[in-house]
Amino acid sequence: MSIEDAAACLPELVERVHAKREAAVIVKSGQPLVRIVPLPALGEASEDLVAFLGRWRHEYPDPDEELAEAIALSRQAVKPPGNPWD
């Protein structure tokens, strides 16, 4: 879609991209400039993260002892806040 056409119907373009879950490419002088893409629906990002973690666990089933040790050390370094009334 040309930049002029997009400017003339921007609200409709945004609604169409959102409704169809498809991207729209804006061109100027025949050259692509930008892409308008729909944002993930609420919950999609967390579903993607869960899928990623599932794949990660499948590919790397053994625990990472170095990471576990680094987490333990960082927990020891962080002290709980004191009582402000003391």
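Further up the page is the structure itself.
Nothing here was measured: the structure is a model prediction, and the numbers come from that model.

Student: Can you break down the overall build of the protein residue by residue, with the values?
Tutor: A count of helices and strands for the protein gives 4 helices and 2 strands. Starting at the N terminus, the α and β elements of the protein follow one another as α-α-β-β-α-α. The C-alpha radius of gyration of the protein comes to 24 Å, more than 25% above the 12 Å expected for a compact globule of 86 residues. Principal axes of the C-alpha set define a box for the protein whose edges measure 65 × 45 × 25 Å. Every one of the 86 residues in the protein was classed for burial, and the buried ones make up 6%. Nonlocal contacts in the protein, meaning residues at least 24 apart in sequence, comprise 18% of its contacts between residues at least 6 apart. Of the accessible surface of the protein, which amounts to about 7900 Å², a share of 60% is contributed by carbon and sulfur atoms. Across the protein, the mean location of the 9 positive side-chain charges is 5 Å away from that of the 15 negative side-chain charges.

Student: I'd like to hear about the packing of aromatic side chains, residue by residue, with values.
Tutor: By the definition in use, this model includes 2 aromatic pairs. Ring geometry for F52 against W56: centres 6.1 Å apart, planes inclined by 40°, an arrangement best described as tilted. Here F52 and its partner W56 are both found in helix α3 (residues 44-59), 4 residues apart, which amounts to about one turn of the helix. Residue classification places F52 among the partly exposed positions, given a relative accessible area of 40%. Considering the side-chain rings of W56 and Y60, the 4.5 Å spacing of their centres and the 40° angle between planes classify their relative orientation as tilted. Taking the relative accessible area as the measure of exposure, W56 reaches 46% and is therefore partly exposed. For Y60, a relative accessible area of 48% gives the class partly exposed. Within the aromatic cluster, the residues linked to one another by ring pairs are F52, W56 and Y60.

Student: I'd like a description of the nonpolar core, backed by residues and values.
Tutor: Counting residues in hydrophobic clusters, the biggest one holds 5 residues: A6, L13, V17, A24 and I26. Looking at this core, the elements that each hand over two or more residues are α2 (10-20) and β1 (24-28). Residues contacting A24, with those up to four places away along its chain left out, are L13, V17, V34, R35 and I36.

Student: Requested: an account of a nonpolar patch on the surface, with residues and values cited.
Tutor: On the surface, a cluster of nonpolar side chains totalling about 540 Å² of accessible area is made up of L49, F52, L53, W56 and Y60. Here L53 lies in helix α3.

Each value, and the rule that gives it
- The residue numbers shown here count from 1 along each chain, following its written sequence.
- Per-residue local features are limited, in this predicted model, to residues with pLDDT of at least 70; the limit for side-chain atom pairs, both in listing and counting, is 80 or more; totals at the level of whole chains, interfaces and linings are taken over all residues.
- Side-chain measures here rest on the full set of heavy atoms in the structure, leaving out hydrogens and waters.
- By definition, any uninterrupted DSSP run of H or I lasting at least four residues is a helix, any uninterrupted run of E lasting at least two residues is a strand, and each is numbered from the N terminus.
- Radius of gyration: C-alpha atoms only; globule rule: 2.2 Å multiplied by the number of residues to the exponent 0.38.
- For every residue, the accessible area (1.4 Å probe, protein chains only) is compared with the maximum for its type, and the residue is labelled buried under 20%, exposed over 50%, or partly exposed between those bounds.
- Residue contacts follow a heavy-atom distance rule, with two residues in contact if any of their heavy atoms lie within 4.5 Å.
- Residue exposure ignores everything except the shown protein chains as possible cover, and the areas themselves are Shrake-Rupley values with a 1.4 Å probe.
- Only four residue types enter the tally: Lys and Arg on the positive side, Asp and Glu on the negative side; His and the chain ends are excluded.
- For this purpose, a charge sits on NZ of Lys, CZ of Arg, CG of Asp or CD of Glu.
- A pair of aromatic rings is counted whenever rings of Phe, Tyr or Trp (Trp by its six-membered ring) have centres within 6.5 Å, and the orientation is called stacked for planes under 30 degrees apart, edge-to-face for over 60 and tilted otherwise.
- Among buried residues, those of type Ala, Val, Leu, Ile, Met, Phe, Trp, Tyr and Cys that are joined through side-chain atoms within 4.5 Å constitute a nonpolar core.
- Two distance rules govern patches: like charges are joined within 9 Å, and nonpolar side chains (Val, Leu, Ile, Met, Phe, Trp, Tyr) within 5 Å, applied only to residues with over 30% relative accessible area and no salt bridge.
- Take a side-chain nitrogen of Lys or Arg and a carboxyl oxygen of Asp or Glu: if they are within 4 Å of each other, that pair is a salt bridge.

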